Amino acid sequence: MSYTNEDLRAIPTEERKWGIWNFAALWVSMSLCIPTYMLASSLIQGGMNWWQSIFTIFLGNLIVLIPMVMNGSAGARYGIPFPVFSRASFGLRGANIPALLRAIVACGWFGIQTWIGGYAIYQLVKIWVPGIATLPALFPTSWGLQTGPAITFLFFWSINMIVVYHGVDSIRKLLLFKAVFLPVAAFALLAWAIWAGHGLGPILAQPSKFEDSSQFWAFFFPALTGIVGFWATLSLNIPDFTRYARTQRDQILGQAISLPPSMTAFAFIGVVVTSATSLIFGKTIWDPVDLAGHFDSPLLVTFAMLAIALSTLATNIAANIVSPANDISNLAPNKISFRMGGYITGLIGLVIFPWKLIADPTGYIFTWLIAYAGLLGPVGGILIADYYFIRKQELKVEDLYDPNGIYWYSNGFNYFALLALLLGIAPNVPGFLTTIGIVPQDSVWPFLRDLYHYAWFVGFTVSGVTYLAFMRRSSSALVLAWE
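Residues numbered from 1 in each chain as written. Predicted model: local features only at pLDDT ≥ 70, side-chain atom pairs only at ≥ 80, totals over all residues. Heavy atoms only, no water.

Caption draft 1: Representation of the overall build of the protein chain within the structure. Broken down by element type, the protein chain carries 25 helices and 0 strands. Here the C-alpha coordinates of the protein chain stretch approximately 70 × 50 × 45 Å along the principal axes. The buried share among the 483 residues of the protein chain stands at 58%. The contacts of the protein chain with a sequence gap of at least 6 include a subset with a gap of at least 24, amounting to 85%. (Helix = DSSP H or I, 4+ residues; strand = E, 2+ residues; numbered from the N terminus. Buried < 20%, exposed > 50% of the residue type's maximum accessible area, 1.4 Å probe, protein only. Contact = heavy atoms within 4.5 Å.)

Here it is as structure tokens:
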């Protein structure tokens, strides 16, 4: 079996052309997306005031920047993508497990972004063809899916698949459009909120809904975990991008000057606009697509929805197709191409019911963001423990593709990594089961329920420490460190 193809190969130094501003532009483009806005506004909906929300978002992004830069180092040094990087710790075959975990989460994000884009198109069509809102029901009530939104969702999904067919290069013009237009549109929305809310004063003066500090902290830590989890996917597969970096300095500075500031700036707009909606409409509207539907001008709504759809398409391809397509390709590099991996991503994004994942802010943070943070945190802990403490940042690139090399372990699997992964996930399982209602709250020890609020941190620490202990105590550790 071959363990490489054109998409998984190590990029030679002469082909690496990304500088500081390329990474800065990447993160500005990634951050300026509808889920970022919804993340910020969900904190307001959950009870925080404006500065509590902004601080939480800034802190979360500052925290996730650390594993982002650390994992990005291997990509920049060796030109390898995430699935290949994970072979050093999990084995050539075992790397499929973290790759699939990351890919499944990306498929979820693909579904969410596709639903947002499709619903924007639905709002646009409804302005000019009101009958789409009253089409007969085609789906079971339990699905929570109306016929009109389902049609536009499938239409937008098809556009994404056409882009996959034509390749990632076809999205470049849309990314340029997004980089230029969306900041303008975001600040226009901010200006509207300030004007309609009679200045920033009334908006920012709105108090927190928490009655005491205990209520605040009970919400803060799960929210912080959710924010870290927001980019937990990219903190793993960032080598998919840093493999093109000219130097380590380019990837480090490029990410540091762009990720926390751009996320915080766009989140501030989401916070202000969401706070303004309670003053303007008498209720908090946390979904920007829903908000745009409240505007009176049909042309304004059409323009806003078209912009949201195009922007979402650009983000979806860059953030939610490239990486899972590579991850899925890693399963069988000689059989699954990038294009086929993209199609598989699209199909999984259909069947996860993304409209339910973002139906309310509680489900968005406590179910979706924290749940997958509990899966990906342990992977991040293992990757960093292996690369920095076991390997000392030294990898044999040729062996990452060779079943006769040092990363073959036991039949292609490093069982220490798999055991450490399970140990990191396990503490978060009881809290997850009680959160989604499968297990009654009173049947689980409160300490275990509360651990789930720190899912990424718990998983990262437990898996990282146990992996390090296993590898250092094993007789094979000396060989793996290849003195």
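Now that the structure has been shown, the text picks up again.
Caption draft 2: Region of interest: the pattern of salt bridges. Evaluation of the coordinates by the stated rule reveals 4 salt bridges. Between R9 and E15 there is a salt bridge; the shortest N-O distance is 2.8 Å. The exposure class assigned to R9 is partly exposed, which follows from its relative accessible area of 23%. For E15, a relative accessible area of 37% puts it in the partly exposed group. (Salt bridge = Lys/Arg side-chain N within 4 Å of Asp/Glu carboxyl O.)

Caption draft 3: Region of interest: unusual backbone geometry. With a phi angle near 60°, H198 is a residue other than glycine that sits in the positive phi range. Position of H198 among the secondary structure elements: in the loop between α8 (172-196) and α9 (200-204). A relative accessible area of 68% places H198 in the exposed class.

Caption draft 4: Seen up close, the packing of aromatic side chains. Counting across every chain of the model gives 34 aromatic pairs. Between Y3 and W408, the aromatic rings sit 6.1 Å apart at their centres with planes inclined by 80°, giving edge-to-face as the arrangement. Of this pair, Y3 sits in the segment before α1 (20-31) while W408 sits in the loop between α20 (361-390) and α21 (415-425), and the two are 405 residues apart along the sequence. Comparing Y3 with W408 shows no difference in burial state: the two are buried. With centroids separated by 5.6 Å and ring planes inclined at 65°, the aromatic side chains of W115 and F153 adopt a geometry described as edge-to-face. One end of the pair, W115, is in helix α6 (residues 96-128); the other, F153, is in helix α7 (residues 147-166), with 38 residues separating them in the sequence. By relative accessible area, which is 12% here, W115 ends up buried. An aromatic cluster of at least three residues, connected via ring pairs, comprises W115, Y119, Y122, F139, W143, F153, F353 and W355. (Phe/Tyr/Trp six-rings, centres within 6.5 Å; stacked < 30°, edge-to-face > 60°.)

Caption draft 5: Fine view of empty space enclosed by the protein. Per the stated rule, a full pass over the model turns up 1 cavity of 30 Å³ or more. Its volume calculated, the largest cavity comes out at about 100 Å³. Along its surface, the largest cavity is lined by C33, P35, R102, W109, Q113, F230, W231, T233, L234, T315, A319 and N320. When residues of the lining of the largest cavity are traced back to their parent elements, those giving at least two are α6, α11 (232-237) and α16 (298-320). Looking at the lining of the largest cavity residue by residue, the classes come out as 7 nonpolar, 4 polar and 1 charged. (1 Å grid on protein atoms, 1.4 Å probe; cavity = no way out; pocket = protein on both sides within 12 Å on 5 of 7 lines; lining within 4 Å. Points joined across faces, edges and corners; volume = space filled by probe spheres on them. Nonpolar A, V, L, I, M, F, W, Y, C, P; charged D, E, K, R; others polar.)

Caption draft 6: Fine view of the packing of helix α3 (residues 50-78) against helix α10 (residues 213-230). Between α3 and α10, the shortest axis-to-axis distance is 8 Å and the interhelical angle comes to 40°. Between α3 and α10, the interaxial angle falls into the category oblique. Handedness of the crossing formed by α3 with α10: right-handed. Contacts between α3 and α10 involve Q52, F55, T56, I57, L59, G60, N61, I63 and V64 on the former and, on the latter, F216, F220, A223, L224, I227 and V228. Counted by class, the contact of α3 with α10 contains 11 nonpolar, 4 polar and no charged residues. (Axes fitted to C-alpha atoms, helices over the stretch in contact; angles between N-to-C directions. Parallel < 35°, antiparallel > 145°, perpendicular 65-115°, else oblique. Left-handed = near helix turned anticlockwise from the far one by under 90°.)

Caption draft 7: Geometry of the confidence of the model for the protein chain. Looking at the protein chain as a whole, its pLDDT mean stands at 85, while 93% of the residues score no less than 70. Below a pLDDT of 50 lies the segment residues 477-483, which in the model reaches 14 contacts outside its immediate sequence neighbourhood of four places, other chains included. (pLDDT = per-residue confidence, 0-100.)

Caption draft 8: Summary view of α1. A rise of 1.5 Å per residue sets the reference length of α1, with its 12 residues, at 16 Å; its end C-alpha atoms lie 17 Å apart and thus fit the reference within 8%. Considered for burial, the residues of α1 that qualify are I20, F23, A24, L26, W27, S29, M30 and S31. (Expected span 1.5 Å × (residues − 1).)

Caption draft 9: Highlighting the environment of P430. Looking at where P430 falls in the secondary structure, it is placed in helix α22 (residues 429-435). Each C-alpha atom, one on P430 and one on Y372, is 14 Å from the other, the two residues being 58 residues apart in sequence.

Caption draft 10: Quick look at the environment of R16. Residue placement: R16 occurs in the segment before α1. C-alpha of R16 to C-alpha of L92: the two residues are 76 residues apart in sequence and 25 Å apart in space. If we ignore the near neighbours within four places in the chain, the residues touching R16 are I11, A76, R77, Y78, G79, R243, Y244, A245 and R246. At 2.9 Å, the side chain of R16 forms a polar contact with the backbone oxygen of A76. (Polar contact = N/O pair within 3.5 Å; in protein donor to acceptor, adjacent residues only side chain to side chain.)

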